[in-house]
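# Remarks on the overall topology
Chain by chain, the residues run as shown.
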Amino acid sequence: MSKSILVTGATGFIGSHLVEELLKKQHHVESLIRKGKTGNPKSKTITGDITDKNMKLGDAKYDCVFHLASHTPLEKNKKTLQNVNLEGTKNLFNAINNNTKSFLYVSGMGVYGETGDKIVDETFPYSPNTEFVKTRLKAQEFLEKNCKELGIDFSVVHFGDVYGTKGWFYEFLIKRLLKNTFRLPKGGKYYKCFVHIDDAVGSLISILENNRFNERFNVVDSTHTKFNDFVNYTADSIGIKHPGNVPTFLVKALLGSDLTKLLTTSIKASNKKISEIYQFKFPSYETGVTDIISELKKKGMLATSKR
Ligand SMILES: NC(=O)c1ccc[n+]([C@@H]2O[C@H](COP(=O)([O-])OP(=O)(O)OC[C@H]3O[C@@H](n4cnc5c(N)ncnc54)[C@H](OP(=O)(O)O)[C@@H]3O)[C@@H](O)[C@H]2O)c1
């Protein structure tokens, strides 16, 4: 049945795919986008910035708000992170003014912090260890509490690193691999969780369509993958050489210690729970990365790759 949906972060990597997929499934979609940005022309656009305390959304009634707008973890300024991720979420909630039946908040696996060699599932305690993740978790707690008080259904999704033809995978990994400027911090010898963009978006929609609210879902593929294996597999798929390593102190100097921690904290997780309602198209990163690389080749976005 067609639902009425508001998507924040609709111009972003995941949000733009989500809007497209929701429209394909005949849902009515409204996109919250910032002034000067262009959203999907097939969705209704609402112009607004979540940092604006007086943001207005009108009187539309939604079945669900997918909240994806957030500052990037590249930001080092704590105040900016707090302003967008936490205060922005509060402003959004106030602007919605109880005009939604449910809220789906998109977050990352970083909330679990250091988990050692354990396989993380949805019963694991949160232990955020960076400012970016702390502000995201505070926003989640705010939504959980306030949705409960107003009788709005709430679920949270923790994504692994989502790869696709846009976002970090193309902008930070592929482009740098092509220029031979990508280097692996700590030799990439830590586990990361990955998820193909189609499965990230498919999982979100299946939570809505299966009415799975007041729950937490970890959305990661079925493999436990060391970052260097993922990167080297990507380089092999393009047909270029594997990258070298970079000392951690240099990464910290460039990216700051928080982002370095976020990038290099080892984590293994299970997708058992989300798999009950969603069948992954790409349960392993090998098939997923092959799919994205062939898409990039078709689009001519790897044209200068052969050296
Ligand atoms: N990509 C991943 O691997 C990954 C993994 C785990 C969790 N997540 C989470 O998933 C969500 C989406 O990620 P993404 O990769 O799609 O991020 P993204 O490409 O950086 O998109 C972020 C979106 O948020 C919007 N935004 C930022 N500040 C805003 C503001 N003040 N008011 C209104 N909109 C604002 C951006 O709008 P503009 O276009 O105007 O900048 C953009 O549409 C985020 O919450 C992210 O933390 C992502």
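Our subject is the structure listed above.
For the structure given in this document, a descriptive report is provided here.

Thresholds, definitions, all that
- Each chain has its residues counted from 1, following the order in which its sequence is written.
- Only residues with pLDDT of at least 70 are given local features in this predicted model, and only at 80 or more are side-chain atom pairs given and counted; all residues enter the totals for whole chains, interfaces and linings.
- To obtain the side-chain values, all non-hydrogen atoms of the structure were used and water was disregarded.
- Comment: elements are numbered from the N terminus, with helices defined as DSSP H or I runs of at least four residues and strands as E runs of at least two.
- A simple rule labels every residue: compare its accessible area, found with a 1.4 Å probe on the protein chains alone, to the largest value its type can have, and call it buried under 20%, exposed over 50%, or partly exposed in between.
- We call two residues contacting when some pair of their heavy atoms lies within 4.5 Å.
- Per-residue and other accessible areas were derived by the Shrake-Rupley procedure at a 1.4 Å probe size, with only the shown protein chains allowed to occlude residues.
- Here Asp and Glu are counted as negative and Lys and Arg as positive; His is not counted, and neither are the chain ends.
- To locate a charge, take NZ of a lysine, CZ of an arginine, CG of an aspartate or CD of a glutamate.
- Interaxial angle, 0 to 180 degrees, is taken between N-to-C directions of lines fitted to C-alpha atoms, where a helix line uses only the stretch in contact.
- The labels follow the angle: roughly parallel below 35 degrees, roughly antiparallel above 145, roughly perpendicular from 65 to 115, and oblique for the rest.
- Gly is placed with the polar residues, together with every amino acid not listed as nonpolar (Ala, Val, Leu, Ile, Met, Phe, Trp, Tyr, Cys and Pro) or charged (Asp, Glu, Lys and Arg).

## A short note on the overall build of the protein
When helices and strands are counted, the protein shows 10 helices and 15 strands. Dimensions of the protein along its principal axes, counting C-alpha atoms only, are 55 × 40 × 40 Å. Residue burial in the protein is summarised as follows: out of 307 residues, 54% are buried. Of the contacts formed within the protein by residues at least 6 apart in sequence, a portion of 79% connects residues at least 24 apart. Looking at the protein as shown, the accessible area adds up to about 14,200 Å², and 51% of this sits on carbon and sulfur atoms. Placing the 45 positive and 32 negative side-chain charges of the protein at their respective mean positions leaves the two points 6 Å apart.

## Notes on the packing of helix α4 (residues 167-179) against helix α10 (residues 285-298)
Orientation of α4 relative to α10, taken along the N-to-C sense of each, is 85°, at an axis distance of 13 Å. The angle between α4 and α10 places the two elements in the roughly perpendicular class. Facing α4, whose interface residues are Phe169, Tyr170 and Ile174, α10 presents Val289, Ile292, Ile293 and Leu296. Its residues assigned to classes, the contact of α4 with α10 comprises 7 nonpolar, no polar and no charged.

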